[in-house]
Amino acid sequence: MSTYATPPINPLRIALAAAQGTLTPEGPLLTRRLSDLEGLFADEPARKRAADGDDPVVYTVAASPVPEVARELPQSVTTILPGAVGGEFHMTKGHQHPDPQGEIYLGLAGRGGLLLHDGTRTEWIEMEPGVIGYIPPGWAHRSVNIGDEPYRFLAVYPGSAGHDYGWVVKHGMGRRVFRDGASYTLAPFSAAT
Ligand code: S6P
Ligand code: ZN
């Protein structure tokens, strides 16, 4: 049997309730409101007005109890509520994994998209229930709700990958995703005003 610097946790049975967005047993629950997303939307004055008003929840992340440590595979369920700021659809902060490792997303509910950027190239994967979006090592990723209902997905990622949010602030994400009638349009990335 192998020896480990950090002993692995015990086998776990985890129940995923796709309609509720819960994992049981549950780990930490994170809630991001517009006030947590300063400087991320193109129309920063619109974001600030809404944040200073009712400050709506943009997304939640419900984690399982599997820890973010080397060799473990943590999971989380992200739910992005429908809405837009200055026409730009609700989205996650976006991050790069400082230890470049792959990650998978599985669509659970609603309509969304997975925006990927490696500093030069940009990719867009439309997501819906049953679709796996694969994030290769080295690609920053952001999720966007392009529908009128909550968009929800399961993420599974290496516990030692880490999360670098500054990378996205510095490099952008290549595109922004705006409402366009009943659909959406991918616009060139622009700095927040
Ligand atoms: C973790 C994975 C997701 C995101 C979540 C929120 O590697 O990619 O669980 O953390 O979708 O996005 P963000 O960019 O705020 O972490
Ligand atoms: Zn990630």
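Residues numbered from 1 in each chain as written. Chains lettered and ligands numbered in written order. Predicted model: local features only at pLDDT ≥ 70, side-chain atom pairs only at ≥ 80, totals over all residues. Heavy atoms only, no water.

Identification of the protein chain as glucose-6-phosphate isomerase from Nonomuraea jiangxiensis is taken from an unreviewed UniProt entry. The Sequence similarities (unreviewed entry) comment attached to the protein chain in UniProt states, word for word, "Belongs to the archaeal-type GPI family." We quote the UniProt Catalytic activity (unreviewed entry) comment for the protein chain here in full: "alpha-D-glucose 6-phosphate = beta-D-fructose 6-phosphate". (UniProt positions renumbered as here; feature names shortened; annotations may be inferred.)

Caption draft 1: Geometry of the side chain of threonine 92. With respect to the secondary-structure elements, threonine 92 resides in the loop between β7 (88-89) and β8 (103-109). Of note is the side chain of threonine 92, whose polar atom sits 2.9 Å from the backbone nitrogen of serine 143. Among residues more than four places away in sequence, those in contact with threonine 92 are Tyr59, Thr78, Ile80, Arg142 and Ser143. (Helix = DSSP H or I, 4+ residues; strand = E, 2+ residues; numbered from the N terminus. Polar contact = N/O pair within 3.5 Å; in protein donor to acceptor, adjacent residues only side chain to side chain. Contact = heavy atoms within 4.5 Å.)

Caption draft 2: Seen up close, a nonpolar patch on the surface. Judged by side-chain polarity, Ile104, Ile132 and Tyr134 come together as a nonpolar surface patch covering roughly 300 Å² of accessible area. As for its placement among the helices and strands, isoleucine 104 is situated in strand β8. Isoleucine 104 gets classed as partly exposed once you look at its relative accessible area, which sits at 35%. (Patch = residues over 30% accessible without salt bridge, like charges linked within 9 Å, V, L, I, M, F, W, Y side chains within 5 Å. Areas by Shrake-Rupley, 256 points an atom, 1.4 Å probe, with all protein chains shown as cover. Salt bridge = Lys/Arg side-chain N within 4 Å of Asp/Glu carboxyl O. Buried < 20%, exposed > 50% of the residue type's maximum accessible area, 1.4 Å probe, protein only.)

Caption draft 3: Up close: the pairing of strand β9 (residues 112-117). Along β9, six of the six residues are buried, which leaves the element largely enclosed by surrounding structure. Of the two faces of β9, the one holding Gly112, Leu114 and Leu116 and the one holding Gly113, Leu115 and His117 are both buried throughout. The antiparallel hairpin formed by β9 and strand β10 (residues 122-127) contains four residues in its connecting segment, where glycine 119 sits at a positive phi of about 100 degrees. (Pairing = 2+ DSSP bridges.)

Caption draft 4: Region of interest: the sheet that holds β10. Taken in spatial order, the three strands line up as β10-β9-β12 in an open sheet, and their pairing is antiparallel. The open sheet is flanked by β10 and β12 (140-145), the only strands paired with a single partner. Across the sheet, the axes of successive neighbouring strands diverge by a mean angle of 20 degrees, strand direction being ignored. As defined by bridge partners, β9 adjoins β10 across six bridges and the pair is classed as antiparallel. Across the sheet, leucine 116 pairs through a bridge with glutamate 123, a residue of β10. (Axes fitted to C-alpha atoms, helices over the stretch in contact; angles between N-to-C directions.)

Caption draft 5: Region of the structure containing the site of ligand 1. Around ligand 1 there are 17 residues in total, and Tyr59, Thr78, Glu103, Tyr105 and Tyr165 lie nearest to it. Residue glycine 94 places a main-chain N or O atom 2.8 Å away from an oxygen atom belonging to ligand 1. Within the contact set of ligand 1, an oxygen atom lies 3.5 Å away from a side-chain nitrogen or oxygen of histidine 141. Burial of ligand 1 by the protein amounts to 96% of the accessible area it has alone, namely 400 Å². For the shell around ligand 1, the elements supplying multiple residues, two or more each, are β4 (57-63), β5 (75-80), β8 and β13 (151-156). Counted by class, the shell around ligand 1 contains seven nonpolar, eight polar and two charged residues. (Near = heavy atom within 4 Å. Nonpolar A, V, L, I, M, F, W, Y, C, P; charged D, E, K, R; others polar.)

Caption draft 6: Focus on the packing of aromatic side chains. This structure, assessed with the given rule, holds three aromatic pairs. Residues tryptophan 124 and tyrosine 184 carry aromatic rings whose centres are separated by 5.4 Å and whose planes lie at 55 degrees to one another, so their mutual orientation is tilted. Of this pair, tryptophan 124 sits in strand β10 while tyrosine 184 is found in strand β15 (residues 183-188), placing the two residues 60 residues apart along the sequence. The two residues tryptophan 124 and tyrosine 184 agree in class, both being buried. (Phe/Tyr/Trp six-rings, centres within 6.5 Å; stacked < 30°, edge-to-face > 60°.)

Caption draft 7: The arrangement of the coordination of the zinc ion (ligand 2) in detail. Taken together, His95 (NE2), His97 (NE2), Glu103 (OE) and His141 (NE2) make up the protein donors of the zinc ion (ligand 2), found 2.1 to 2.3 Å from the metal. Taken together, the six donor atoms coordinating the zinc ion (ligand 2) and their angles of 69 to 174 degrees define a geometry best described as octahedral. (Donors = N, O, S within 2.8 Å, 3.2 Å for Na, K, Ca; no water. Tetrahedral: all angles 85-135°; square planar, octahedral: opposite > 155°, others 65-115°.)

Caption draft 8: Examining the pattern of salt bridges more closely. The tally for this structure, following the rule as stated, stands at five salt bridges. Across the pair lysine 48 and aspartate 52 runs a salt bridge whose closest N-O atoms are separated by 2.7 Å. You can see lysine 48 and its partner aspartate 52 sitting in helix α1 (residues 44-52), four residues apart, about one turn around the helix. Under the relative-accessibility criterion, lysine 48 is labelled partly exposed at 44%.

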